[in-house]
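# An overview of the molecular structure
Read off the chains here:
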Amino acid sequence: MRVTDEAIQILGGHGYTRDYPVRRINRDAKVFTIFEGAGEIRRPVIGRALTGLPVH
């Protein structure tokens, strides 16, 4: 995300156009951060279930 954000800053308004692949790469990078966050939320729930602790 950081690299694509910087690339968009460098390209200015052109970074948001379809002329450059930066816009698509930035969008794809954002999706991966959302998926990663979902895994971080599930990790404690799975850990509690495996250890027998109550899952809230």
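Our structure's up above, just so we're on the same page.
Residues numbered from 1 in each chain as written. Predicted model: local features only at pLDDT ≥ 70, side-chain atom pairs only at ≥ 80, totals over all residues. Heavy atoms only, no water.

## Remarks on the overall build of the chain
Operational definition: Secondary structure elements follow DSSP: runs of H or I no shorter than four residues count as helices, runs of E no shorter than two count as strands, and numbering proceeds from the N terminus. For the radius of gyration, the atom set is restricted to C-alpha positions; the globular benchmark scales as 2.2 Å times the number of residues to the power 0.38. Throughout, exposure labels follow a simple rule: accessible area from a 1.4 Å probe, protein chains only, divided by the maximum for the residue type, with under 20% read as buried, over 50% as exposed, and the rest as partly exposed. Here the accessible surface of atoms and residues is derived via Shrake-Rupley with a 1.4 Å probe, and residues count as covered only by protein chains that are part of the display. We count Lys and Arg on the positive side and Asp and Glu on the negative side, and we leave His and both chain ends out. Taken as the charge location is NZ of Lys, CZ of Arg, CG of Asp or CD of Glu.
On a plain count of helices and strands, the chain comes out with 2 helices and 0 strands. For 56 residues, the compact-globule estimate of 2.2 N^0.38 gives 10 Å, and the C-alpha radius of gyration of the chain, at 18 Å, exceeds that figure by more than 25%. Principal-axis analysis of the C-alpha atoms gives the chain an extent of 55 × 15 × 15 Å. Each of the 56 residues in the chain was classed as buried or not, and the buried ones make up 11%. Split by element, the accessible area of the chain, about 4,800 Å² in all, is 62% carbon and sulfur. Between the averaged position of the 9 positive side-chain charges in the chain and that of its 6 negative side-chain charges there is a distance of 7 Å.

## Comments concerning the pattern of salt bridges
Keep this limit in mind: Basic side-chain nitrogens of Lys or Arg form a salt bridge, by our definition, when they fall within 4 Å of a carboxyl oxygen of Asp or Glu.
Summed over the entire model, instances satisfying the criterion amount to 3 salt bridges. Among the ionic pairs, Glu6 bridges to Arg2, the shortest N-O distance being 3.3 Å. Taken together, the residues span about one helical turn, with Glu6 and Arg2 both in helix H1 (residues 2–11) at a distance of 4 residues. Here Asp28 makes a salt bridge to Arg27, at a shortest N to O gap of 4.0 Å. On the basis of relative accessible area, Asp28 is assigned to the partly exposed category, the value being 29%. Shared partners join several salt bridges into a network, and the residues in it are Arg24, Arg27 and Asp28.

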